[in-house]
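These are the residues of each chain, in order.
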Amino acid sequence: VDLKTNNTNQLLAKAGDTETGTSFTIPLSENGAAGNPGAAHRRFTFSEEPNMEDIRRLQAEFTDERDWNQFHQPRNLLLALIGEVGEVAELFQWRGETAEGLPDWKAAEREQLEHELSDVLIYLLELAEKCHVDLPQAVLRKMALNRLKYPVSKAYGSAKKYTEFKD
Ligand SMILES: Nc1ccn([C@H]2C[C@H](O)[C@@H](COP(=O)(O)OP(=O)(O)OP(=O)(O)O)O2)c(=O)n1
């Protein structure tokens, strides 16, 4: 995937479809800083590294070193993933709704959240690997489908499921 920006500073991904040989360019963000000049704060962004393949490789090394591939079949990884999603849910349960950035959380709680979200990602990426799903490419294709299903003209400001759109 080729990442570049267009003249409104939108991050674009040039993605290829290996099956059809087609390639397409999609905006990765519809309301980044350039599209929302009045925004009070800069949008939160991730570090550039590590990428998904880096994390997949690090976890594969961790698993290989421990002779754990015998336990890491797709079904077990799925159960482990769901367990870790449950641990994320536990951190949020029985508290009120919270604003972006979790301003009312203690540092120790934020650190716990970092750990649990990382566990979710690690198991998700290993599950994709063991299912032979090339997740970075798959996610681009799925997001392109989401854009088709939820055109801005029909979905703007509405949380309706696409099946409820009227023509
Ligand atoms: N068989 C295993 C066990 C652990 N891990 C790795 C992936 C996860 O990132 C993390 C999960 O470790 P734990 O099962 O110990 O779970 P937690 O870290 O969430 O600990 P706890 O359950 O005490 O909160 O370690 C793994 O790949 N395979």
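Described below are features of the structure shown in this document. None of these values were measured; they are calculated from a predicted model.

Conventions and cut-offs
- Residues numbered from 1 in each chain as written.
- Predicted model: local features only at pLDDT ≥ 70, side-chain atom pairs only at ≥ 80, totals over all residues.
- Helix = DSSP H or I, 4+ residues; strand = E, 2+ residues; numbered from the N terminus.
- Expected span 1.5 Å × (residues − 1).
- Buried ≥ 20, exposed ≤ 12 C-beta atoms within 10 Å, placed from the backbone.
- Contact = placed C-beta atoms within 7 Å.
- Axes fitted to C-alpha atoms, helices over the stretch in contact; angles between N-to-C directions.
- Parallel < 35°, antiparallel > 145°, perpendicular 65-115°, else oblique.
- Nonpolar A, V, L, I, M, F, W, Y, C, P; charged D, E, K, R; others polar.

1. Quick look at helix α3 (residues 107-130)
Link 1 in the chain: In this model α3 runs 35 Å from its N-terminal to its C-terminal C-alpha over 24 residues, within 8% of the 34 Å that 1.5 Å per residue would give.
Link 2 in the chain: Regarding α3, the residues found buried are Y123, L125, E126, L127 and E129.
Link 3 in the chain: At its buried positions, α3 is contacted by α1 (52-65), α2 (74-92) and α4 (135-149).
Link 4 in the chain: Immediately beyond the C-terminal end of α3, within one or two residues, lies H132, with a positive phi of roughly 55°.

2. As for unusual backbone geometry
Link 1 in the chain: Here the bond from E49 into P50 is cis, since omega is 0°, no more than 30 degrees from zero.
Link 2 in the chain: Structurally, P50 is set in the loop between β3 (23-27) and α1.
Link 3 in the chain: The backbone of W94 sits at a positive phi, close to 65°, despite the residue not being glycine.
Link 4 in the chain: One can find W94 in the loop between α2 and α3.

3. Quick notes on the packing of α1 against α3
Link 1 in the chain: Interaxial distance between α1 and α3 falls to 9 Å at its minimum, and their mutual angle equals 85°. Relative to α3, the element α1 lies roughly perpendicular. When α1 is examined against α3, the residues M52, I55, R56, Q59 and A60 are found in contact with a partner set consisting of L121, I122, L125, E126 and E129.
Link 2 in the chain: Partitioning the contact of α1 with α3 into residue classes produces six nonpolar, one polar and three charged.

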